[in-house]
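Understanding the architecture of this molecule
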Amino acid sequence: MAAHNDPLAHPEVRQGSVLRYVLGFVASGAAMYFAYVEALGKPPVVELLEILAGALLFSLLTQAALFFGLDISRAQIWKSVSLILTVPLFIIMIGITVWAFASLYNRTMPDPAIMNSMAM
Amino acid sequence: MASHTQAGADVVLWNASADAHDNISARTYGFWLYLLSDALIIAAVVACYAVLDNPMNAAGGPLGNQFLSASKGLVQTFLVLGSVLSYSLATVALKRGNKLGVGLGMVGAILLAVLFLGIGMGDLAALSAAGNGFARSGYLSCFFTLIVTHALHMGFGILWMLVMLVQIGVFGFTENVVARLLNLRMFWQFQASVWVVVYIYVYLFGGAH
């Protein structure tokens, strides 16, 4: 196996390309700029959440594909699989924590209008 | 039985053309698993931030929408993305065994990362100087934890790059050095992934509502 003798011939070294990395920078940066411009318009919370979640997902997917080079090739497939298997852990960790505390606040905290008036 | 084959020197028991043990892939995959567990630590801090981001937990102190600057955060976003681009381009030079190209890409990445850290740490210092430090409220404790956790990762990445600049000069592109450079590439790209989550959730969502 060539990669065994010459480390620079390893598939993970060969996978990099100027075009891919520049595209990753432009795509991810454009998504963040789009999110910034939209957030400045101060849309309703639900609409803002949808826009920001979309921009974030797009940015992370382009980074996964173009920066990390994740795909189903022999060199990368186990990284792709392990990332996919970790995604439910992110959803459980963040989703259930936020849901549990939102539910807790609704039962134990004062009215949100009162809470807002307490700021500063 | 005539069809029965005795195992012996002339019998192939396994695929003779199987790959040799691939040290680089083993190391990058191990490091990838570390990054996934690191991402779960970040997810835990983000979950904590989401829970504490309300006036009750600000305890009379400021929330993000009172001190965060979305435009400054955008500058930081492009700095960290630019730094990742610079290091990634260094690994394109690695394909050609170009030490100068790798070195220049890493130095560019370090400079942009230092600028990024300078803005971030300057903001935290100003916040603390105004009496809104780490211990002011539960919200600020979590905000500082989130920003400093990411900043520490960036700091260690810079240190790692400095070490690799020395190792490239001393050892050249050996198998060990190349494996470390590939791991560092993943580590550095991971910092951009973490930052876009922080920017979208803390700076844009938190700053706008």
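Anything mentioned here points back to the structure above.
All of these numbers come straight from a predicted model, not from anything done at the bench.

1. Considering the overall build of chain A
Within chain A, the regular secondary structure consists of six helices and zero strands. Looking at chain A as a whole, 35% of its 120 residues are labelled buried. Counted over contacts in chain A with a minimum sequence separation of 6, partners at least 24 positions apart contribute 55%. With the model as given, the accessible surface of chain A reaches about 7,200 Å², and the carbon-plus-sulfur share is 75%.

2. Examining the nonpolar core
Ranked by internal contacts, the top residues of the largest apolar core, which has 85 residues, are Met106(B), Phe143(B), Leu181(B) and Trp188(B). Sorting the residues of this core by element identifies helix H3 (18-40) and helix H4 (45-67) of chain A together with helix H1 (23-52), helix H4 (70-95), helix H5 (99-129), helix H6 (138-171) and helix H7 (175-208) of chain B as the ones contributing at least two each. Broken down by element, the residue count for this core peaks at 21 residues, all from H7(B). In this structure, Met106(B) is in contact with Tyr87(B), Ala90(B), Met161(B), Met164(B), Leu165(B), Ile168(B), Leu181(B) and Leu184(B), ignoring residues within four places of it in sequence.

3. Quick look at the packing of aromatic side chains
Residue and element names in this part refer to chain A. The final tally for this structure, using the stated rule, is 18 aromatic pairs over all chains. Taking 6.2 Å as the distance between ring centres and 40° as the angle between the ring planes, the aromatic pair formed by Tyr33 and Tyr36 counts as tilted. Of the two residues, Tyr33 and Tyr36 both sit in helix H3, three residues apart, roughly one turn of that helix. For Tyr33, a relative accessible area of 45% puts it in the partly exposed group.

4. Quick word on the interface of chain B and chain A
One frequently used descriptor of interface size is the decrease in accessible area upon assembly of the parts. Facing 63 residues of chain B, the contacting portion of chain A comprises 56 residues. Buried surface at the junction of chain B and chain A, both sides included, amounts to about 5,300 Å², of which 76% is carbon and sulfur. Summed over the three residues of chain B that lose the most area to chain A, namely Trp32(B), Met56(B) and Lys95(B), the buried surface amounts to 12% of that side. The interface formed by chain B and chain A holds zero salt bridges in total. Applying the counting rule to chain B against chain A returns 13 residue pairs in polar contact (both at pLDDT 80 or more). At the level of elements, H1, helix H2 (55-58), H4 and H7 of chain B are the ones that each hand at least two residues to the side of chain B that touches chain A. Residue contributions to the side of chain B that touches chain A peak at 17 residues, all from H7(B). Each residue belonging to the side of chain B that touches chain A can be placed in one class, and the counts come to 39 nonpolar, 19 polar and five charged.

Quick notes on the rules
Residues numbered from 1 in each chain as written. Chains lettered and ligands numbered in written order. Predicted model: local features only at pLDDT ≥ 70, side-chain atom pairs only at ≥ 80, totals over all residues. Heavy atoms only, no water. Helix = DSSP H or I, 4+ residues; strand = E, 2+ residues; numbered from the N terminus. Buried < 20%, exposed > 50% of the residue type's maximum accessible area, 1.4 Å probe, protein only. Contact = heavy atoms within 4.5 Å. Areas by Shrake-Rupley, 256 points an atom, 1.4 Å probe, with all protein chains shown as cover. Core = buried A, V, L, I, M, F, W, Y, C linked by side-chain atoms within 4.5 Å. Phe/Tyr/Trp six-rings, centres within 6.5 Å; stacked < 30°, edge-to-face > 60°. Buried area = accessible area lost by both parts, 1.4 Å probe. Salt bridge = Lys/Arg side-chain N within 4 Å of Asp/Glu carboxyl O. Polar contact = N/O pair within 3.5 Å; in protein donor to acceptor, adjacent residues only side chain to side chain. Nonpolar A, V, L, I, M, F, W, Y, C, P; charged D, E, K, R; others polar.

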